[in-house]
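One-letter residues, chain by chain:
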Amino acid sequence: MANKDSARIDELLSKPHWVIDLLPRQVPADGEGQFFAVEQQLLGGARGAALRHSFASFLLMLNCYHDLLVFREGGAQGKTNPRPAKLERWVERNQEHLCVVLPSEDALVVVPTDSTCMALHNPTPELLDEARAIASTCGLFVWQP
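Quick caveat: nothing in here was measured; it's all calculated off a predicted structure.

### Comments concerning the overall build of the protein
Across its full length, the protein carries five helices and seven strands. When the elements of the protein are put in sequence order from the N terminus, they spell out α-β-α-α-β-β-α-β-β-β-α-β. The burial tally for the protein puts 38% of its 145 residues in the buried class. Taking the intrachain contacts of the protein between residues at least 6 apart in sequence as the baseline, contacts between residues at least 24 apart amount to 64%. Of the roughly 8000 Å² that the protein leaves accessible, carbon and sulfur atoms contribute 52%. Side-chain charges of the protein comprise 13 positive and 18 negative groups, with the mean position of each set lying 8 Å from the other.

Rendered as structure tokens:
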């Protein structure tokens, strides 16, 4: 990743963020249940594939409204508006962490490989409303930790 891009992503990562998640709210640290065991079940097999499909659907729908600059883990350069099939494959394959910059919004979506959620950094109120609407069509929730 170019130094300028890396610095911008680092700056966006330090901004307030919202979670785009399979769950409707944060699980309390001292709560009942077995979140970590359930999380592992949700990340694997058919459920994990369905979750990654939901993440890809979210990004594809977001790309209908905004340019996406996608940085793949270890990549030196981002790819602006990759072909939809390629973006879907990168997300669903789940082999690398993705940082997706929305240049016109000065926002960032982080797609990790080991989590049931993505993160949306520095959204405007309008982008946050849009993200909530898109997430709801994908079976996802948006909340702030």
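### What about the sheet that holds strand 4 (residues 98–102)?
Backbone hydrogen bonds hold the strands of a sheet together, and the pairing may be parallel or antiparallel. Taken together, seven strands build an open sheet; the order of strands is 3-2-4-5-6-1-7 and the sheet is antiparallel. The two strands at the open ends of the sheet, each matched to only one other strand, are strand 3 (79–80) and strand 7 (141–143). Sitting on the sheet, helix 4 (residues 84–93) touches strand 2 (69–72), strand 3, strand 4 and strand 5 (107–111), and the angle it makes with strand 2 is about 40°. Lying on the sheet, helix 5 (residues 125–137) is in contact with strand 1 (17–21), strand 4, strand 5, strand 6 (117–121) and strand 7; it crosses strand 7 at an angle near 150°.

### Considerations on the side chain of R52
Relative to the helices and strands, R52 is located in helix 3 (residues 45–65). For the buried R52, which has no salt bridge, the nearest side chain bearing the opposite charge is D114, at an N-O separation of 7.5 Å. Among the polar contacts made by the side chain of R52, one reaches the main-chain carbonyl oxygen of V91 at a distance of 3.0 Å.

### What about the layout of surface pockets?
Over the atoms, a rolling probe the size of a water molecule traces out where space has been left empty. For the largest pocket, the calculated volume is near 150 Å³. In terms of lining, the largest pocket is formed by V19, D21, L23, Q26, V27, F35, E39, S115, T116, C117 and W143. Of the residues in the lining of the largest pocket, the class split is six nonpolar, three polar and two charged.

### Considerations on the state of the cysteines
Across all of its chains, the model carries zero disulfides by this definition. In this structure C99 is not part of a disulfide, and its nearest cysteine sulfur, from C117, lies 14 Å away. Exposure remark for C117: the relative accessible area of 22% places this residue in the partly exposed category.

### A few points about the pairing of strand 6
Of all five residues that make up strand 6, four are buried, and the element is covered over most of its length. One ladder, built from five bridges, connects strand 1 with strand 6; its direction is antiparallel. Looking across to strand 6, one finds that D21 is bridged to C117. Pairing analysis gives three bridges linking strand 5 to strand 6, with the strands arranged antiparallel. Considered in strand 6, the bridge of V110 is made with A119. Counting the residues in the hairpin turn of strand 5 and strand 6 gives five residues.

### Brief notes about the pattern of salt bridges
Taken as a whole and assessed by the stated rule, the structure comprises four salt bridges. For the salt bridge of E96 with R93, the shortest nitrogen-to-oxygen distance reads 3.3 Å. When salt bridges that share partners are traced, they join R8, E11 and D106 into one network.

Rules and cut-offs
- Residues numbered from 1 in each chain as written.
- Predicted model: local features only at pLDDT ≥ 70, side-chain atom pairs only at ≥ 80, totals over all residues.
- Heavy atoms only, no water.
- Helix = DSSP H or I, 4+ residues; strand = E, 2+ residues; numbered from the N terminus.
- Buried < 20%, exposed > 50% of the residue type's maximum accessible area, 1.4 Å probe, protein only.
- Contact = heavy atoms within 4.5 Å.
- Areas by Shrake-Rupley, 256 points an atom, 1.4 Å probe, with all protein chains shown as cover.
- Lys, Arg positive; Asp, Glu negative; His and termini not counted.
- Charge placed at Lys NZ, Arg CZ, Asp CG, Glu CD.
- Pairing = 2+ DSSP bridges.
- Axes fitted to C-alpha atoms, helices over the stretch in contact; angles between N-to-C directions.
- Salt bridge = Lys/Arg side-chain N within 4 Å of Asp/Glu carboxyl O.
- Polar contact = N/O pair within 3.5 Å; in protein donor to acceptor, adjacent residues only side chain to side chain.
- 1 Å grid on protein atoms, 1.4 Å probe; cavity = no way out; pocket = protein on both sides within 12 Å on 5 of 7 lines; lining within 4 Å.
- Points joined across faces, edges and corners; volume = space filled by probe spheres on them.
- Nonpolar A, V, L, I, M, F, W, Y, C, P; charged D, E, K, R; others polar.
- Disulfide = S-S within 2.5 Å.

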